[in-house]
Amino acid sequence: MKKMYLFIFILIIIILVIDRCTVINLSPKLLFTNYKKFPELNDGLKSDKYAMYRATETANVNIRYFPQNNFFLLSNFQTNGYFHIIKIDSNGESVFELKFEGKDAFKFVESINCFVIGADGIYDFSAVKPLSLPFNEVLNRDKNLAPKEWEQIFGQKYSTAEIVLYGWHTDLENAQCVYFRNDGKWTKLYTFLNAGPMYVYAEGSKIECKIEGRKIPHKWHEEHFLKDPAKATYSNELRHTDDYITPYNSDFSFFPDQALKYEAFGALKTLAFSKETYTTEGYYNPGIPNTFYGTAYYELNVHNEVLNFKTVAYKQNGIGAITQSDIYLFGLPLNFADKSDVGFLAYDYSTNFHENGKKGIYVIRKK
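Throughout this document, residue positions are counted from 1 along each chain, in the order its sequence is written. Only residues with pLDDT of at least 70 get local features here, since the model is predicted, and only at 80 or more are side-chain atom pairs given and counted; chain-wide, interface and lining totals rely on the full set of residues. Note that water and hydrogens are dropped before the side-chain values are worked out from all heavy atoms of the structure.

Colleague: What's the story with the pairing of strand 8 (residues 115-118) in this structure? I'm lost.
Modeller: Both faces of the sheet carry side chains from a regular strand, because those side chains alternate between them. Residues of strand 8 alternate between two faces, with Phe-115 and Ile-117 on one and Val-116 and Gly-118 on the opposite face, all of them buried. Two strands form a pair only when DSSP identifies at least two bridges running between them. Strands here mean DSSP runs of E at least two residues long; helices mean DSSP runs of H or I at least four residues long; both are numbered from the N terminus. Following strand 7 (residues 108-112), the chain reverses through two residues before pairing antiparallel with strand 8; Asn-113 in that reversal takes a positive phi of roughly 60 degrees. Sheet topology note: the strand 8/strand 9 (residues 121-124) ladder contains three bridges and is antiparallel. Following the sheet pairing, Phe-115 is matched in strand 9 by Asp-124. Here strand 8 hands over to strand 9 after two residues, the two strands then running antiparallel side by side. For the exposure calls, accessible area comes from a 1.4 Å probe over protein chains only, and a residue counts as buried if that area is under 20% of its type's maximum, exposed if over 50%, partly exposed in between.

Have a look at this one:
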(Lines give C-alpha, C1' and ligand atoms only; values in the text may rest on other atoms or scores of the structure.)
Protein backbone atom coordinates (compact mmCIF):
# COMPACT_ATOMS: atom_id res chain seq x y z
CA MET A 1 0.00 0.00 0.00
CA LYS A 2 2.84 2.38 0.87
CA LYS A 3 4.45 1.71 -2.49
CA MET A 4 1.20 2.59 -4.25
CA TYR A 5 0.93 5.88 -2.34
CA LEU A 6 4.54 6.63 -3.14
CA PHE A 7 3.92 5.84 -6.81
CA ILE A 8 0.87 8.13 -6.89
CA PHE A 9 2.83 10.90 -5.16
CA ILE A 10 5.74 10.61 -7.61
CA LEU A 11 3.31 10.55 -10.54
CA ILE A 12 1.64 13.75 -9.32
CA ILE A 13 5.02 15.44 -8.98
CA ILE A 14 5.99 14.39 -12.52
CA ILE A 15 2.69 15.70 -13.93
CA LEU A 16 3.13 19.00 -12.07
CA VAL A 17 6.69 19.39 -13.34
CA ILE A 18 5.63 18.65 -16.92
CA ASP A 19 2.66 21.01 -16.64
CA ARG A 20 4.51 23.90 -14.96
CA CYS A 21 7.97 23.64 -16.50
CA THR A 22 7.47 22.45 -20.10
CA VAL A 23 5.29 23.14 -23.13
CA ILE A 24 3.94 19.60 -23.17
CA ASN A 25 0.14 19.80 -23.07
CA LEU A 26 -1.56 17.18 -20.89
CA SER A 27 -5.08 18.67 -20.90
CA PRO A 28 -7.75 16.17 -22.03
CA LYS A 29 -9.47 19.10 -23.78
CA LEU A 30 -6.57 19.21 -26.23
CA LEU A 31 -5.94 15.47 -26.46
CA PHE A 32 -9.51 14.34 -27.14
CA THR A 33 -11.23 17.19 -29.01
CA ASN A 34 -11.11 18.75 -32.48
CA TYR A 35 -10.23 22.24 -31.17
CA LYS A 36 -7.03 22.34 -33.21
CA LYS A 37 -9.16 22.24 -36.36
CA PHE A 38 -10.77 25.58 -35.46
CA PRO A 39 -10.10 28.34 -38.03
CA GLU A 40 -7.72 31.19 -37.16
CA LEU A 41 -9.24 34.48 -36.06
CA ASN A 42 -9.37 36.17 -39.43
CA ASP A 43 -11.45 37.95 -42.02
CA GLY A 44 -14.48 35.98 -43.20
CA LEU A 45 -15.48 33.86 -40.18
CA LYS A 46 -19.20 33.12 -40.26
CA SER A 47 -22.09 31.11 -38.86
CA ASP A 48 -25.50 30.52 -40.42
CA LYS A 49 -26.73 34.06 -39.68
CA TYR A 50 -23.66 36.13 -38.74
CA ALA A 51 -20.39 37.02 -40.41
CA MET A 52 -17.27 38.68 -39.06
CA TYR A 53 -14.83 40.80 -41.06
CA ARG A 54 -11.59 42.53 -40.10
CA ALA A 55 -11.88 46.32 -40.25
CA THR A 56 -8.50 47.36 -38.80
CA GLU A 57 -5.09 45.78 -38.24
CA THR A 58 -4.04 47.65 -35.08
CA ALA A 59 -4.81 47.29 -31.40
CA ASN A 60 -6.61 49.68 -29.02
CA VAL A 61 -8.81 51.27 -31.67
CA ASN A 62 -11.38 53.78 -30.37
CA ILE A 63 -14.99 52.72 -31.13
CA ARG A 64 -17.88 55.18 -30.76
CA TYR A 65 -21.56 55.21 -31.66
CA PHE A 66 -23.50 58.27 -32.93
CA PRO A 67 -27.24 57.71 -32.40
CA GLN A 68 -28.51 60.78 -34.27
CA ASN A 69 -27.41 59.37 -37.63
CA ASN A 70 -27.04 55.77 -36.42
CA PHE A 71 -23.43 54.99 -37.30
CA PHE A 72 -20.13 53.93 -35.72
CA LEU A 73 -16.65 55.39 -35.95
CA LEU A 74 -13.43 53.43 -35.56
CA SER A 75 -10.47 55.77 -35.03
CA ASN A 76 -6.83 55.10 -34.37
CA PHE A 77 -4.00 57.52 -33.58
CA GLN A 78 -0.38 56.45 -33.67
CA THR A 79 2.96 58.24 -33.68
CA ASN A 80 4.44 60.19 -36.58
CA GLY A 81 1.14 61.72 -37.70
CA TYR A 82 -0.66 58.42 -38.42
CA PHE A 83 -4.45 58.62 -38.16
CA HIS A 84 -7.01 56.17 -39.51
CA ILE A 85 -10.79 56.61 -39.20
CA ILE A 86 -13.55 54.36 -40.57
CA LYS A 87 -17.30 54.95 -40.70
CA ILE A 88 -19.43 51.83 -40.16
CA ASP A 89 -23.16 52.06 -40.85
CA SER A 90 -25.91 50.47 -38.73
CA ASN A 91 -25.76 47.29 -40.85
CA GLY A 92 -22.06 46.85 -40.16
CA GLU A 93 -20.86 47.95 -43.59
CA SER A 94 -17.73 50.07 -43.96
CA VAL A 95 -18.94 53.11 -45.92
CA PHE A 96 -16.12 55.68 -45.72
CA GLU A 97 -12.60 55.96 -44.36
CA LEU A 98 -9.58 58.25 -44.26
CA LYS A 99 -5.97 57.41 -43.51
CA PHE A 100 -3.19 59.94 -42.98
CA GLU A 101 0.46 58.98 -42.58
CA GLY A 102 2.83 61.84 -41.85
CA LYS A 103 2.61 64.69 -44.36
CA ASP A 104 -0.58 64.70 -46.45
CA ALA A 105 -2.40 67.04 -48.80
CA PHE A 106 -5.23 67.52 -46.30
CA LYS A 107 -2.74 68.68 -43.61
CA PHE A 108 -4.49 66.69 -40.89
CA VAL A 109 -4.58 68.48 -37.53
CA GLU A 110 -6.93 66.57 -35.22
CA SER A 111 -10.23 64.75 -34.88
CA ILE A 112 -13.05 66.06 -32.65
CA ASN A 113 -16.33 64.17 -32.16
CA CYS A 114 -17.18 62.98 -35.71
CA PHE A 115 -15.24 65.78 -37.42
CA VAL A 116 -11.80 65.35 -38.99
CA ILE A 117 -9.98 68.67 -39.18
CA GLY A 118 -7.22 69.80 -41.50
CA ALA A 119 -5.39 73.10 -41.84
CA ASP A 120 -7.78 74.30 -44.56
CA GLY A 121 -10.98 72.26 -44.20
CA ILE A 122 -13.17 69.81 -42.25
CA TYR A 123 -14.77 66.41 -42.92
CA ASP A 124 -18.11 65.75 -41.24
CA PHE A 125 -18.44 61.96 -40.88
CA SER A 126 -22.12 62.27 -39.98
CA ALA A 127 -22.83 63.22 -43.61
CA VAL A 128 -24.03 60.53 -45.99
CA LYS A 129 -21.07 61.31 -48.26
CA PRO A 130 -18.38 63.08 -46.22
CA LEU A 131 -16.48 65.78 -48.10
CA SER A 132 -13.71 68.15 -47.08
CA LEU A 133 -15.41 71.54 -46.75
CA PRO A 134 -13.17 74.64 -46.71
CA PHE A 135 -13.24 77.37 -44.10
CA ASN A 136 -15.28 80.30 -45.38
CA GLU A 137 -13.76 82.60 -42.77
CA VAL A 138 -10.45 82.49 -40.90
CA LEU A 139 -10.31 85.06 -38.11
CA ASN A 140 -7.54 86.26 -35.80
CA ARG A 141 -4.78 84.26 -37.49
CA ASP A 142 -2.53 87.33 -37.20
CA LYS A 143 -3.79 88.13 -33.68
CA ASN A 144 -5.31 91.37 -34.94
CA LEU A 145 -8.42 91.23 -32.75
CA ALA A 146 -8.76 92.79 -29.32
CA PRO A 147 -10.10 90.40 -26.63
CA LYS A 148 -13.45 92.20 -26.41
CA GLU A 149 -13.84 92.09 -30.19
CA TRP A 150 -12.95 88.35 -30.12
CA GLU A 151 -15.60 87.71 -27.47
CA GLN A 152 -18.20 89.63 -29.47
CA ILE A 153 -17.51 87.58 -32.62
CA PHE A 154 -17.58 84.39 -30.55
CA GLY A 155 -20.98 85.31 -29.10
CA GLN A 156 -22.47 86.16 -32.49
CA LYS A 157 -21.22 82.97 -34.11
CA TYR A 158 -22.06 80.74 -31.16
CA SER A 159 -25.66 81.91 -30.85
CA THR A 160 -26.59 80.78 -34.37
CA ALA A 161 -24.16 77.88 -34.91
CA GLU A 162 -25.36 74.30 -35.18
CA ILE A 163 -21.82 73.00 -34.51
CA VAL A 164 -19.12 74.51 -32.25
CA LEU A 165 -15.82 72.71 -31.68
CA TYR A 166 -12.82 73.64 -29.55
CA GLY A 167 -9.51 72.74 -31.16
CA TRP A 168 -6.40 72.17 -29.06
CA HIS A 169 -4.10 71.42 -32.01
CA THR A 170 -3.97 73.72 -35.03
CA ASP A 171 -1.67 74.48 -37.94
CA LEU A 172 -0.08 77.24 -35.81
CA GLU A 173 2.31 76.28 -33.04
CA ASN A 174 0.86 76.79 -29.55
CA ALA A 175 -2.40 78.17 -30.94
CA GLN A 176 -5.90 76.95 -30.19
CA CYS A 177 -9.06 77.82 -32.07
CA VAL A 178 -12.82 77.56 -32.22
CA TYR A 179 -14.67 76.08 -35.22
CA PHE A 180 -18.23 77.26 -35.97
CA ARG A 181 -20.62 75.85 -38.54
CA ASN A 182 -23.39 78.29 -39.40
CA ASP A 183 -25.81 77.37 -42.20
CA GLY A 184 -23.36 74.74 -43.47
CA LYS A 185 -20.42 77.16 -43.66
CA TRP A 186 -17.33 76.89 -41.48
CA THR A 187 -15.46 79.62 -39.62
CA LYS A 188 -12.12 79.21 -37.85
CA LEU A 189 -11.46 81.64 -35.00
CA TYR A 190 -7.94 81.50 -33.54
CA THR A 191 -7.21 82.33 -29.92
CA PHE A 192 -4.29 84.51 -28.82
CA LEU A 193 -1.39 82.09 -28.25
CA ASN A 194 0.37 83.45 -25.17
CA ALA A 195 -0.40 87.08 -25.99
CA GLY A 196 -3.93 87.27 -24.60
CA PRO A 197 -6.71 85.46 -22.73
CA MET A 198 -6.60 81.66 -22.84
CA TYR A 199 -10.20 81.01 -23.81
CA VAL A 200 -9.61 77.39 -24.91
CA TYR A 201 -7.79 75.17 -22.42
CA ALA A 202 -7.25 71.54 -21.44
CA GLU A 203 -8.97 70.13 -18.38
CA GLY A 204 -7.72 66.58 -18.05
CA SER A 205 -8.47 64.86 -21.33
CA LYS A 206 -11.21 67.37 -22.20
CA ILE A 207 -10.82 70.61 -24.15
CA GLU A 208 -13.00 73.35 -22.70
CA CYS A 209 -13.82 77.00 -23.40
CA LYS A 210 -14.31 79.61 -20.71
CA ILE A 211 -15.18 83.28 -21.20
CA GLU A 212 -15.39 85.67 -18.24
CA GLY A 213 -15.35 82.71 -15.86
CA ARG A 214 -18.24 80.89 -17.57
CA LYS A 215 -17.80 77.54 -19.32
CA ILE A 216 -19.28 77.48 -22.82
CA PRO A 217 -20.26 73.95 -23.92
CA HIS A 218 -19.43 72.37 -27.26
CA LYS A 219 -22.18 71.94 -29.81
CA TRP A 220 -21.66 68.58 -31.48
CA HIS A 221 -23.27 65.21 -32.17
CA GLU A 222 -24.22 62.91 -29.32
CA GLU A 223 -21.68 60.09 -29.02
CA HIS A 224 -21.24 57.02 -26.81
CA PHE A 225 -18.64 54.35 -26.21
CA LEU A 226 -19.54 50.69 -26.46
CA LYS A 227 -18.88 48.23 -23.63
CA ASP A 228 -17.93 44.63 -22.92
CA PRO A 229 -20.10 44.04 -19.82
CA ALA A 230 -18.43 40.70 -19.04
CA LYS A 231 -15.08 42.47 -18.62
CA ALA A 232 -16.56 45.82 -17.48
CA THR A 233 -14.45 47.48 -20.18
CA TYR A 234 -15.29 50.37 -22.53
CA SER A 235 -14.29 50.87 -26.16
CA ASN A 236 -12.15 53.98 -25.77
CA GLU A 237 -8.53 53.57 -26.86
CA LEU A 238 -7.38 53.26 -23.22
CA ARG A 239 -9.91 50.47 -22.55
CA HIS A 240 -11.13 52.06 -19.32
CA THR A 241 -12.74 49.67 -16.86
CA ASP A 242 -15.46 50.37 -14.30
CA ASP A 243 -12.92 49.76 -11.52
CA TYR A 244 -10.66 52.45 -12.95
CA ILE A 245 -13.45 54.97 -13.67
CA THR A 246 -15.53 54.74 -10.49
CA PRO A 247 -13.23 56.64 -8.05
CA TYR A 248 -13.22 59.69 -10.38
CA ASN A 249 -16.82 59.53 -11.58
CA SER A 250 -19.19 60.19 -8.69
CA ASP A 251 -21.13 62.74 -10.75
CA PHE A 252 -20.49 60.98 -14.11
CA SER A 253 -18.60 64.02 -15.42
CA PHE A 254 -15.31 62.13 -15.86
CA PHE A 255 -16.85 59.34 -17.95
CA PRO A 256 -20.57 59.96 -18.61
CA ASP A 257 -21.20 56.63 -20.34
CA GLN A 258 -20.76 54.78 -17.06
CA ALA A 259 -24.28 55.96 -16.21
CA LEU A 260 -25.70 53.94 -19.11
CA LYS A 261 -26.90 50.34 -18.95
CA TYR A 262 -25.33 47.85 -21.35
CA GLU A 263 -26.34 44.36 -22.38
CA ALA A 264 -23.84 41.82 -23.65
CA PHE A 265 -23.78 41.56 -27.45
CA GLY A 266 -22.83 37.91 -27.09
CA ALA A 267 -20.74 35.55 -25.00
CA LEU A 268 -17.09 34.66 -25.56
CA LYS A 269 -15.92 31.44 -23.90
CA THR A 270 -12.34 30.16 -23.66
CA LEU A 271 -12.45 26.44 -24.34
CA ALA A 272 -8.77 25.52 -23.99
CA PHE A 273 -5.19 26.80 -24.10
CA SER A 274 -2.28 25.07 -25.79
CA LYS A 275 1.24 25.97 -24.57
CA GLU A 276 3.83 26.55 -27.29
CA THR A 277 6.64 28.60 -25.73
CA TYR A 278 7.43 30.51 -22.56
CA THR A 279 9.53 33.26 -21.01
CA THR A 280 11.61 33.10 -17.83
CA GLU A 281 12.16 36.26 -15.84
CA GLY A 282 13.96 37.09 -12.63
CA TYR A 283 17.66 37.28 -11.82
CA TYR A 284 17.64 34.13 -9.67
CA ASN A 285 15.17 32.19 -11.81
CA PRO A 286 16.72 28.77 -12.60
CA GLY A 287 14.64 28.50 -15.78
CA ILE A 288 11.11 28.04 -14.49
CA PRO A 289 8.56 29.63 -16.88
CA ASN A 290 6.84 32.82 -15.71
CA THR A 291 4.46 33.08 -18.65
CA PHE A 292 3.35 30.55 -21.24
CA TYR A 293 2.46 31.66 -24.78
CA GLY A 294 0.44 29.60 -27.19
CA THR A 295 -2.97 29.23 -28.81
CA ALA A 296 -6.37 29.69 -27.19
CA TYR A 297 -9.54 28.15 -28.56
CA TYR A 298 -12.77 30.14 -28.35
CA GLU A 299 -16.52 29.83 -28.71
CA LEU A 300 -18.29 33.06 -29.67
CA ASN A 301 -22.05 32.86 -29.15
CA VAL A 302 -24.14 35.65 -30.70
CA HIS A 303 -27.89 35.18 -30.29
CA ASN A 304 -27.41 31.39 -30.21
CA GLU A 305 -25.22 31.48 -33.33
CA VAL A 306 -21.77 29.98 -32.66
CA LEU A 307 -18.49 31.00 -34.27
CA ASN A 308 -15.41 29.04 -33.19
CA PHE A 309 -11.87 30.31 -33.71
CA LYS A 310 -8.35 30.12 -32.34
CA THR A 311 -5.71 32.79 -31.83
CA VAL A 312 -2.53 33.55 -29.92
CA ALA A 313 -2.87 34.02 -26.17
CA TYR A 314 -0.80 33.87 -22.99
CA LYS A 315 -1.15 32.55 -19.46
CA GLN A 316 0.76 33.21 -16.26
CA ASN A 317 2.35 30.14 -14.69
CA GLY A 318 0.36 29.80 -11.49
CA ILE A 319 -2.56 28.03 -9.86
CA GLY A 320 -5.84 29.57 -10.99
CA ALA A 321 -4.23 31.66 -13.74
CA ILE A 322 -6.58 32.44 -16.60
CA THR A 323 -5.89 32.51 -20.31
CA GLN A 324 -5.48 36.05 -21.63
CA SER A 325 -5.58 37.34 -25.18
CA ASP A 326 -6.93 40.87 -24.62
CA ILE A 327 -10.11 40.14 -26.57
CA TYR A 328 -13.19 42.29 -25.95
CA LEU A 329 -16.73 41.93 -27.26
CA PHE A 330 -18.23 45.41 -27.50
CA GLY A 331 -21.94 46.18 -27.81
CA LEU A 332 -24.25 49.19 -27.71
CA PRO A 333 -25.88 50.81 -24.67
CA LEU A 334 -29.21 49.15 -23.94
CA ASN A 335 -31.31 52.15 -24.98
CA PHE A 336 -29.79 52.03 -28.49
CA ALA A 337 -29.57 48.25 -28.90
CA ASP A 338 -32.67 48.11 -31.11
CA LYS A 339 -31.13 50.54 -33.64
CA SER A 340 -28.35 48.23 -34.82
CA ASP A 341 -27.52 44.52 -34.56
CA VAL A 342 -23.78 45.09 -34.97
CA GLY A 343 -21.03 44.18 -32.53
CA PHE A 344 -17.27 44.54 -32.47
CA LEU A 345 -14.63 42.05 -31.41
CA ALA A 346 -11.43 43.87 -30.45
CA TYR A 347 -8.26 41.77 -30.42
CA ASP A 348 -5.72 43.93 -28.55
CA TYR A 349 -3.04 41.28 -27.87
CA SER A 350 -0.77 43.39 -25.70
CA THR A 351 2.68 41.97 -26.38
CA ASN A 352 4.77 41.52 -29.49
CA PHE A 353 6.12 38.20 -28.20
CA HIS A 354 4.66 35.21 -30.06
CA GLU A 355 2.48 37.63 -32.01
CA ASN A 356 0.48 36.39 -35.01
CA GLY A 357 -0.44 39.57 -36.92
CA LYS A 358 -4.18 39.26 -36.18
CA LYS A 359 -4.64 42.33 -33.97
CA GLY A 360 -7.48 44.65 -34.88
CA ILE A 361 -11.21 45.26 -34.85
CA TYR A 362 -13.53 42.61 -36.25
CA VAL A 363 -17.04 43.73 -37.16
CA ILE A 364 -19.80 41.21 -36.40
CA ARG A 365 -22.96 41.68 -38.44
CA LYS A 366 -25.87 39.74 -39.90
CA LYS A 367 -25.20 38.06 -43.25
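Don't stop here, the text continues.
Colleague: Would you mind going over the environment of Glu-276 with me for this structure?
Modeller: As for its position among the elements, Glu-276 is in strand 20 (residues 267-279). Given the relative accessible area of 37%, Glu-276 is considered partly exposed. For the pair formed by Glu-276 and Val-312, sequence separation is 36 residues and the distance between their alpha carbons is 9.8 Å. The contact definition used throughout considers only heavy atoms, calling two residues in contact when any of these lie within 4.5 Å. With residues near it in sequence (within four places) discarded, Glu-276 still touches Val-23, Tyr-293, Gly-294, Thr-295 and His-354. Any N or O atom pair separated by 3.5 Å or less is treated as a polar contact, with the protein-specific requirement of one donor-capable and one acceptor-capable atom, and with residues adjacent in sequence counted only for side-chain atom pairs. For Glu-276, the side chain forms a polar contact with the side chain of Thr-295, separated by 2.6 Å.

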